[in-house]
Amino acid sequence: MELLEKYFPNFSKDQKNKFSKLQELYQDWNLKINVVSRKDIDELYLRHVLHSLGIAKVQEFLPSASILDVGTGGGFPGIPLAILHPETNFHLVDSIGKKIKVVNEVVEGLGLKNVHTTNARVEEVPGHYDFIVSRAVAAMPTFVHWTTGKIAKQSKHELKNGILYLKGGDLSEELADYPKAVIYELPDFFEEDFFETKKVVHLPLKYKK
Ligand SMILES: C[S@@+](CC[C@H](N)C(=O)[O-])C[C@H]1O[C@@H](n2cnc3c(N)ncnc32)[C@H](O)[C@@H]1O
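Remember, it's a predicted structure, so these values are computed and weren't measured experimentally.

Asker: Got a sec to walk through the overall build of the protein chain? Specific residues and values, please.
Answerer: Broken down by element type, the protein chain carries 7 helices and 7 strands. Over its C-alpha atoms the protein chain spans a radius of gyration of 16 Å, differing by no more than 12% from the 17 Å that the globule rule assigns to 209 residues. Per-residue burial over the protein chain gives 38% buried out of 209 residues.

Right under this line is the structure:
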């Protein structure tokens, strides 16, 4: 919690409660269904929660916004972002049922009212969203292919509607075909060594029916 409050000093009481409950919820559920690696569960707040919140350092979401988390796994980045933005709607999607089961249990355990989940491949999920967030799911060309046609027409945030993807390492090859992609370096926001090569990629996408 101290780590989170170092970078997000204005949590409400409810947000503090929810963030602090995460450790116990994930520890319990991870014993039944493994969604977070052993090593990572000890560093849940650094490797999963704060990393997920890196997206909010690049773009905070408006209360009326709709956000899709593709391949959410155990709920990252969607769950921490949903706690941070209690008035924003989050749709968390994963193709593996047992992962969505854990996410549902965490959502219920926290009493999160702004999250709904779907167990499906994202290609089968209809709807239009202001932003599509993700981490560790697919290379950008595949991801763009899956998500084309799921972006809402009107941009109402500072950044244009599109993808906000947590990535790491050298992206020059992966992003070569996307001149509009902008890379935000997470060490500009967070000083821990874990973030050394980590980034948020913003790729604006046009509305398509
Ligand atoms: C490496 S995990 C990452 C999980 C989470 N985003 C995280 O960073 O902790 C990738 C996840 O993407 C899901 N996935 C892969 N392709 C997908 C698709 N087409 N639609 C929905 N989920 C997908 C997998 O089931 C898996 O849970």
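Still more to cover.
Asker: Mind laying out the sheet that holds strand 1 (residues 66-70), listing which residues take part and the relevant values?
Answerer: Spatial strand order, 3-2-1-4-5-7-6: 7 strands in an open sheet with mixed pairing. Taken across any chain shown, the strands that pair with only one partner, and hence form the sheet edges, are strand 3 (115-119) and strand 6 (182-185). Going from strand to strand, the sheet's axes swing by 20° on average, the running direction of each strand aside. Bridge count for strand 1 against strand 2 (residues 89-94) is 5 bridges, and the pairing is parallel. Bridging from a neighbouring strand, Ser66 pairs with Asn89 of strand 2.

Asker: Run through the site of the ligand, naming residues and quoting values.
Answerer: Residues in close proximity to the ligand total 18 residues, the closest being Gly71, Gly73, Phe76, Val122 and Arg135. In terms of residue class, the shell around the ligand is made up of 8 nonpolar, 5 polar and 5 charged.

Asker: Residue-level account of unusual backbone geometry, with values.
Answerer: At the junction of Phe76 and Pro77, the peptide bond is cis and its omega measures out at 10° in the coordinates. Residue placement: Pro77 occurs in the loop between strand 1 and helix 5 (78-84). One non-glycine residue, Ala136, lies in the positive phi region at around 60°. Counting through the fold element by element, Ala136 comes out in the loop between strand 4 (131-135) and helix 7 (140-147). Note on Ala136: 11 C-beta atoms within 10 Å, which makes it exposed.

Asker: Residue-level account of the UniProt feature "binding site: S-adenosyl-L-methionine" (unreviewed entry) in the protein chain, with values.
Answerer: The UniProt record marks Gly71, Phe76, Val122, Glu123 and Arg135 with the feature "binding site: S-adenosyl-L-methionine" (unreviewed entry), using the residue numbering of this structure. For Phe76, the position within the fold is in the loop between strand 1 and helix 5. Once you skip the residues sitting within four places of it in the chain, Phe76 turns out to touch His48, Ser52 and Arg135. Relative to the elements of secondary structure, Glu123 occurs in the loop between strand 3 and strand 4.

Asker: Would you mind going over the nonpolar core in detail, with residue names and values included?
Answerer: Within the largest apolar cluster, 51 residues are counted, with the highest numbers of intra-cluster contacts made by Ile55, Ile67, Leu81 and Val106. Among the elements that take part in this core, helix 6 (residues 97-110) stands out by supplying 6 residues, more than any other. The residues touching Val106, leaving out its near neighbours within four places in the chain, are Leu25, Trp29, Gly75 and Ile79.

Asker: Hey, could you go over helix 4 (residues 44-58) for me, with residue numbers and the actual values?
Answerer: A rise of 1.5 Å per residue sets the reference length of helix 4, with its 15 residues, at 21 Å; its end C-alpha atoms lie 21 Å apart and thus fit the reference within 8%. Of all the bends in helix 4, the greatest measures close to 35° and is centred on Leu50. If you check which residues of helix 4 are buried, you get His48, Val49, Leu50, His51, Ser52, Leu53, Gly54, Ile55 and Ala56.

Asker: Now, about the environment of Tyr7: what can you tell me, with residues and values included?
Answerer: The topology assignment puts Tyr7 in helix 1 (residues 2-7). It is 32 Å that separates the C-alpha atoms of Tyr7 and Lys206, two residues lying 199 residues apart in sequence. In contact with Tyr7, other than residues within four places in its own chain, are Leu50, Phe189 and Phe190.

Asker: Go over the environment of Ile55 with me, naming the residues and quoting the values.
Answerer: Tracing the backbone through its elements, the reader meets Ile55 in helix 4. In this structure, the C-alpha to C-alpha distance between Ile55 and Ala152, residues 97 residues apart in sequence, is 19 Å. Not counting the four nearest positions on each side in its chain, Ile55 is found in contact with Pro77, Leu81, Val133, Leu164, Leu166 and Val200.

About the thresholds
Residues numbered from 1 in each chain as written. Predicted model: local features only at pLDDT ≥ 70, side-chain atom pairs only at ≥ 80, totals over all residues. Helix = DSSP H or I, 4+ residues; strand = E, 2+ residues; numbered from the N terminus. Rg over C-alpha atoms; globule rule 2.2 N^0.38 Å. Buried ≥ 20, exposed ≤ 12 C-beta atoms within 10 Å, placed from the backbone. Pairing = 2+ DSSP bridges. Axes fitted to C-alpha atoms, helices over the stretch in contact; angles between N-to-C directions. Near = placed C-beta within 6 Å. Nonpolar A, V, L, I, M, F, W, Y, C, P; charged D, E, K, R; others polar. UniProt positions renumbered as here; feature names shortened; annotations may be inferred. Contact = placed C-beta atoms within 7 Å. Core = buried A, V, L, I, M, F, W, Y, C linked by C-beta atoms within 7 Å. Expected span 1.5 Å × (residues − 1). Bend = angle between axes of the 7 residues up to and from the residue.

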